[in-house]
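Listed below are the residues making up each chain.
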There are 2 protein chains.
Amino acid sequence: MASTPPSHGQPHRTPPQQHGHVIPRHPRLDPLADRYAARTHGMKTSEIRALFSVVSRPEVVSLAGGMPAVTALPLDAVGSMIGELVSGMGAQTLQYGSGQGDPRLRERICDVMALEGITDASPSEVVVTVGSQQGLDLVTRVFCDPGDVILAEGPSYVGALGVFQAAEARVRHVPMDDDGLIPEALEQALIECRANGDRVKFLYTVPNYHNPGGVTLSEPRRQAIVDIADRYDLLVIEDNPYGLLGFDREPMRALRARDAQRVIYLGSFSKTFSPGLRVGWVLAPLAVREKLVLATEAQVLCPPSLTQYAVARYLDTQPWREQIKLFTELYRERRDATLESLDALMPPGTTWTRPDGGFYVWLKLPNGLDSKLMQPRAVNAHVAYVPGIGFYADGSGREYMRLSYCYPEPDQIREGVRRLARVIEAELDLHSTFDAVDTGTFRAVGRPTHTAETIVGPANSDRIED
Amino acid sequence: MASTPPSHGQPHRTPPQQHGHVIPRHPRLDPLADRYAARTHGMKTSEIRALFSVVSRPEVVSLAGGMPAVTALPLDAVGSMIGELVSGMGAQTLQYGSGQGDPRLRERICDVMALEGITDASPSEVVVTVGSQQGLDLVTRVFCDPGDVILAEGPSYVGALGVFQAAEARVRHVPMDDDGLIPEALEQALIECRANGDRVKFLYTVPNYHNPGGVTLSEPRRQAIVDIADRYDLLVIEDNPYGLLGFDREPMRALRARDAQRVIYLGSFSKTFSPGLRVGWVLAPLAVREKLVLATEAQVLCPPSLTQYAVARYLDTQPWREQIKLFTELYRERRDATLESLDALMPPGTTWTRPDGGFYVWLKLPNGLDSKLMQPRAVNAHVAYVPGIGFYADGSGREYMRLSYCYPEPDQIREGVRRLARVIEAELDLHSTFDAVDTGTFRAVGRPTHTAETIVGPANSDRIED
């Protein structure tokens, strides 16, 4: 838990050495280097995006990406449905639409939110966005000036950290445990921020099946968080892409269902239908909604019409609740494969969360091992994960990693966990061999420089914190 | 031509009076009013978006919107094509994609740009965006800090002004004439900016069939602009949605074709195929492209996959060049209807541009009439246009209006121009009656308050400049 300003350091990667000479992967001297905005110098490739080329190699079992299992959709039915939308309603689906989004879709979005106890939402309070990523970007642009403070779980969704960094906001992490965000820690953070004179703009939280934490905010804590928000006049951004993907229970009641004025809710169809359509939304009080519409018009004019009509028609004509059930059964099976393999294979001292929904397990390495330094060896062993530092704005998280079970089949998952366990065991062996050597040197020994150089994360600190 | 900082004035509209009491259209006291970012206070509804509800009334002939004639597309063929994409390639079209955009589409985009003489573009320099609006937003975010100066034609595309305002950049307009941007005026502006110590980040220009000006940058001026950019080390953003929509000639050679390092090119499929898919792109030198990808990942993660596949497949399998020819024939006919009606009906002293491509005519009212004040009377007469002030960042342009001929049928256009001519004539009559009264008072006389209040533009000055 720490507060650091966004990095204004080196935006460029060092070109890798190979065959004794420098490979110029992009112009080394950027003639425009002195023209960029301040925010641009802080932008870095995320840990996840940096892995993209690695994880798409067929021999690698990727426990890295968060890609939903879209092939479990009835593709023929969805294809016919979208084809008919274009043939029959081309004048609407291929034309510009409203910046706020299609009114019919906004109505259906209210129906979806009702499943989580949000029964007072009006379509006029909904803004359709290009995925909930754009929703978070809009909210952040509307509220945050450079230097403003955002409270966020530690760890937090890597894409959110990217948004906050681009806004030149400072992130202060608030710790979680197995019951999600810790209310006492939130209150402590607020007290300290007040003492520092920090302008806290909002709390960003993923209460359900946290990415990357895999944990869920408990019922009593939900009320505690809302009470703290009320007491400290704190705005809460509730990011909820996974809320309907619980394995063993009905959806939990959203924070927004408890406080309509202080909670701005972000939703998405990426995990319940399709991420390739990029349809998400923001539910916000009318005054904020008005700002969000102006902001989105300046950013994209309007969201794509075709994809909005596709989602609305899907909700109108397809058995979407049953489809979500089908998705969760599939993900539950993969979660089980993950946890069973971890239980069976991981060396002592390794710990992990036990998600009851969503896509992710958050794993802690034993003995202070560093997941970032271990990554090249894992890739050599044909298994990929996302190093924990990607999920912290302050360089911490090196002993953690995120494992995703949403995309690979159970057998692949078991094989991936097996490979990962072997890599960790080898690291532990090495560690015990070099036990006398200081940690810094140990790291340098096991580090194949050329691979490590190609993967650069947002972290710019070598501190390891909990 | 003037330089003004973005307005930080009243972001709220005054609720209209009706039936003797105030209608609270949104909460009058926004409890979050003191939380917003500085940029948010400058955001205003654009002149075009404010007209949305008016122009969708069936009795109104709208010469306001810039909606392409998408029903001229082969909707059945496009529908089948997209339906098959989903049925056959759902694992790709419904899944997340790369932040930079689909590689196959980026290749085809290079083919499209070759039609305008850009033959050295590599797909690796292309970033696919959610319409070229997002492209402009990304470029502006990557380059502009608050207070930076952007040079732009006067008038300029209203959506670009919205982006610049959201970035808290200052816009300095550079005048145009029938041959487009005036190079000498650009040079003069650069000299003055240097003298003022302004940080000029780029020139934003629409060289072909300008929106809203309707004019095209002449061949000799293209070279002159590129030479000035070189001499003054000026970055140029070439926004070119209409370049392939010329009525009488082959596409002109792009500025980017003359200078690959200093020109960032924005393209769009909104006018050549469909705006409802929101597929545009940026072509930029590799170092800039790298920043743009990071910025778009923070904003939307990746553009929608389905719409990208739809455009790539359309370019691969449909006769898109013939379709563009069909579009231009249709627009030419509408342009002819517009110009013929204007020639026949407009009162003396009214002047307008004569576009040879694109969507727009830029009309100047006689005798200092004010298009913004006249607007409610035009709407009463069932014709809509966009007042000129929407296209200036500095409150000028009141004697101008933009007429779009892209969407209505020729007969509707003729009827619309007839109605507009009558409204202008009535204004002139009024004007001559009140000739002794000063202009300010004259304006107040003719202004039905309730309608005017509902239409609020970005302009915050009453100055009238040329």
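Residues numbered from 1 in each chain as written. Chains lettered and ligands numbered in written order. Predicted model: local features only at pLDDT ≥ 70, side-chain atom pairs only at ≥ 80, totals over all residues. Heavy atoms only, no water.

## Thoughts on the overall build of chain A
Item 1. Per the secondary structure count, chain A includes 16 helices and 17 strands.
Item 2. Taken over 466 residues, chain A has a buried fraction of 64%.
Item 3. Within chain A, contacts between residues separated by at least 24 positions form 76% of all contacts whose residues are at least 6 apart in sequence. (Helix = DSSP H or I, 4+ residues; strand = E, 2+ residues; numbered from the N terminus. Buried < 20%, exposed > 50% of the residue type's maximum accessible area, 1.4 Å probe, protein only. Contact = heavy atoms within 4.5 Å.)

## What about the sheet that holds strand β17 (residues 400–404) of chain B?
Paired through their backbone hydrogen bonds, the strands of a sheet run either parallel or antiparallel.
All names here are of chain B.
Item 1. If you walk across this open sheet you meet the four strands as β13-β14-β17-β16, and the pairing is antiparallel. The strands lining the two open edges of the sheet, one partner per strand, are β13 (351–352) and β16 (386–387).
Item 2. Summarising the sheet, β16 and β17 pair through two bridges and their orientation is antiparallel. Directly across from Val386, in β17, lies its bridge partner Arg402. (Pairing = 2+ DSSP bridges.)

## Some words on the sheet that holds strand β17 (residues 400–404) of chain A
All names here are of chain A.
Item 1. Spatially, the four strands line up as an open sheet ordered β13-β14-β17-β16, and their pairing is antiparallel. The sheet is open, and its two edges are formed by β13 (351–352) and β16 (386–387), each paired on a single side.
Item 2. In this structure, β13 lies alongside strand β14 (residues 360–364), joined through two bridges in antiparallel fashion. Bridge pairing links Trp352 to Leu363 in β14.

## Re the interface of chain A and chain B
Item 1. Of the residues lining the interface, 83 residues belong to chain A; the matching set on chain B comes to 85 residues.
Item 2. For the chain A and chain B pair, buried surface summed over both sides reaches about 7400 Å², with 59% attributable to carbon and sulfur atoms.
Item 3. The interface formed by chain A and chain B holds four salt bridges in total.
Item 4. The salt bridge partner of Arg141 of chain A is Asp137 of chain B, with a shortest N-O separation of 3.1 Å.
Item 5. Counting every contact that joins chain A to chain B gives 38 residue pairs in polar contact (both at pLDDT 80 or more). (Buried area = accessible area lost by both parts, 1.4 Å probe. Salt bridge = Lys/Arg side-chain N within 4 Å of Asp/Glu carboxyl O. Polar contact = N/O pair within 3.5 Å; in protein donor to acceptor, adjacent residues only side chain to side chain.)

## Quick look at the pattern of salt bridges
All names here are of chain A.
Item 1. Under the counting rule described, the total for this entry stands at 56 salt bridges over all chains.
Item 2. Between Arg332 and Asp248 there is a salt bridge, with its nearest N and O atoms 3.2 Å apart. Remark: Asp248 occurs in the loop between β10 (236–239) and β11 (263–268) and Arg332 occurs in helix α12 (residues 320–345); sequence separation between them is 84 residues.
Item 3. For Arg332, a relative accessible area of 30% corresponds to the partly exposed category.

## Topic: the pairing of strand β9 (residues 200–205) of chain A
Residue and element names in this part refer to chain A.
Item 1. Summarising burial for β9: five of the six residues are buried, a large majority.
Item 2. For strand β6 (residues 149–154) and β9, the ladder comprises four bridges, and the chain directions are parallel. Looking at the pairing, Leu151 lines up with Leu203 of β9.
Item 3. Bridge count between β9 and β10: three bridges; the pairing is parallel. In the sheet register, Leu203 faces β10, and the bridge partner there is Val236.

## A look at the pairing of β10 of chain A
Residues and elements named next belong to chain A.
Item 1. Burial along β10 is two-sided: the face carrying Val236 and Glu238 and the face carrying Ile237 and Asp239 are both buried.
Item 2. The parallel pair β9 and β10, bridged by helix α9 (residues 219–231), forms a crossover whose chirality is right-handed.
Item 3. For β10 and β11, the ladder comprises four bridges, and the chain directions are parallel. Paired with Asp239 across the bridge in β11 is Leu266. (Right-handed = clockwise from strand over helix to strand, strands pointing away.)

## Brief notes about helix α4 (residues 75–93) of chain B
Item 1. Between its first and last C-alpha atoms α4 of chain B spans 20 Å; for 19 residues at 1.5 Å apiece the expected length is 27 Å, and the helix comes up short by more than 12%.
Item 2. Every buried residue of α4 of chain B is accounted for by Leu75, Val78, Gly79, Met81, Ile82, Gly83, Leu85, Val86, Gly90 and Thr93 of chain B.
Item 3. Looking at the buried positions of α4 of chain B, the neighbouring elements they touch are α4 (75–93) and α11 (305–317) of chain A together with α11 (305–317) of chain B. (Expected span 1.5 Å × (residues − 1).)

## Here we look at the side chain of Thr296 of chain A
Item 1. Relative to the elements of secondary structure, Thr296 of chain A occurs in helix α10 (residues 286–300).
Item 2. For Thr296 of chain A, a relative accessible area of 0% puts it in the buried group.

## A look at the packing of aromatic side chains
Residue and element names in this part refer to chain A.
Item 1. Enumeration according to the criterion identifies 29 aromatic pairs over all chains in this entry.
Item 2. Residues Trp362 and Tyr400 carry aromatic rings whose centres are separated by 5.0 Å and whose planes lie at 10° to one another, so their mutual orientation is stacked. One end of the pair, Trp362, is in strand β14; the other, Tyr400, is in strand β17, and 38 residues separate them in sequence.
Item 3. What makes Trp362 buried here is its relative accessible area of 7%.
Item 4. On the accessibility criterion, Tyr400 (10% relative accessible area) is buried. (Phe/Tyr/Trp six-rings, centres within 6.5 Å; stacked < 30°, edge-to-face > 60°.)

## Structural notes on the relation of the copies chain A and chain B
Item 1. By a simple turn and slide, chain A fits onto chain B: the slide is 0.0 Å along the axis, the RMSD is 0.0 Å, and the turn is 180°. Taken together, the rotation angle and the small translation identify this as a two-fold axis. Distance from the rotation axis, computed per C-alpha, reaches its smallest value in chain A at Gly83 of chain A: 2.0 Å.
Item 2. Of the interface residues in chain A, 100% have counterparts in chain B that sit at the interface too, so the contact is made through matching surfaces. (Least-squares fit on C-alpha atoms with pLDDT ≥ 70 in both.)

## As for the nonpolar core
Side chains of a nonpolar character, in soluble globular proteins, are inclined to be buried together.
Item 1. Counting 147 residues, the largest nonpolar core has Met113 and Phe269 of chain A together with Met113, Phe269 and Tyr331 of chain B as its most contacted members.
Item 2. Here Tyr331 of chain B is in contact with Pro68, Ala69, Leu245, Phe247, Gly358, Phe359, Tyr405 and Cys406 of chain B, once residues within four sequence places are set aside. (Core = buried A, V, L, I, M, F, W, Y, C linked by side-chain atoms within 4.5 Å.)

## Description of the packing of helix α6 (residues 131–143) of chain A against helix α7 (residues 158–166) of chain A
Residues and elements named next belong to chain A.
Item 1. Between α6 and α7, the least distance of the axes is 10 Å, while the angle of their chain directions is 30°. On the basis of their axis angle, the class for α6 and α7 is roughly parallel. Crossing handedness for the pair α6 and α7: right-handed. From α6, Gln133, Leu136, Asp137 and Thr140 reach across to α7, where they touch Gly159, Ala160, Val163 and Phe164.
Item 2. Partitioning the contact of α6 with α7 into residue classes produces four nonpolar, three polar and one charged. (Axes fitted to C-alpha atoms, helices over the stretch in contact; angles between N-to-C directions. Parallel < 35°, antiparallel > 145°, perpendicular 65-115°, else oblique. Left-handed = near helix turned anticlockwise from the far one by under 90°. Nonpolar A, V, L, I, M, F, W, Y, C, P; charged D, E, K, R; others polar.)

## Let's talk about the environment of Ala254 of chain A
Residues and elements named next belong to chain A.
Item 1. Assignment of secondary structure puts Ala254 in the loop between β10 and β11.
Item 2. Along the chain, Ala254 and Gly243 lie 11 residues apart, while their C-alpha atoms are 8.5 Å from each other.
Item 3. Ignoring sequence-local partners within four residues, the contact set of Ala254 consists of Glu116, Ile118, Arg222, Glu238 and Tyr265.

## Description of the side chain of Arg419 of chain B
Residues and elements named next belong to chain B.
Item 1. Note on placement: Arg419 falls in helix α14 (residues 410–433).
Item 2. Within the structure, the side chain of Arg419 is placed 2.7 Å from the backbone oxygen of His382, a separation counted as a polar contact.
Item 3. Not counting the four nearest positions on each side in its chain, Arg419 is found in contact with Glu59, Val61, Ala381, His382 and Val383.

## As for unusual backbone geometry
Item 1. Following Gly154 of chain A, the chain continues into Pro155 of chain A via a peptide bond in cis, with omega recorded as 5°.
Item 2. Secondary-structure assignment places Pro155 of chain A in the loop between β6 and α7.
Item 3. One non-glycine residue, Leu301 of chain B, lies in the positive phi region at around 65°.
Item 4. Its place among the elements puts Leu301 of chain B in the loop between α10 (286–300) and α11.

## Things to note about the environment of Phe247 of chain B
Residue and element names in this part refer to chain B.
Item 1. The residue Phe247 is located in the loop between β10 (236–239) and β11 (263–268) in this model.
Item 2. Considered as a pair, Phe247 and Lys325 are 78 residues apart in the sequence and their alpha carbons are 8.8 Å apart.
Item 3. Beyond its immediate stretch of four places on either side in the chain, Phe247 contacts Thr328, Tyr331, Arg332, Arg335, Pro355, Asp356, Gly357, Gly358 and Tyr405.

## Points about the confidence of the model for chain A
Residue and element names in this part refer to chain A.
Item 1. On average, residues of chain A carry a pLDDT of 88, and 86% of them reach 70 or more.
Item 2. With pLDDT under 50 throughout, residues 1–27 is counted as low confidence; its partners more than four residues away or in other chains account for 61 contacts.
Item 3. Long-range and interchain partners of residues 436–466, a stretch whose pLDDT sits below 50, account for 59 contacts in this model, where long-range means more than four residues apart. (pLDDT = per-residue confidence, 0-100.)

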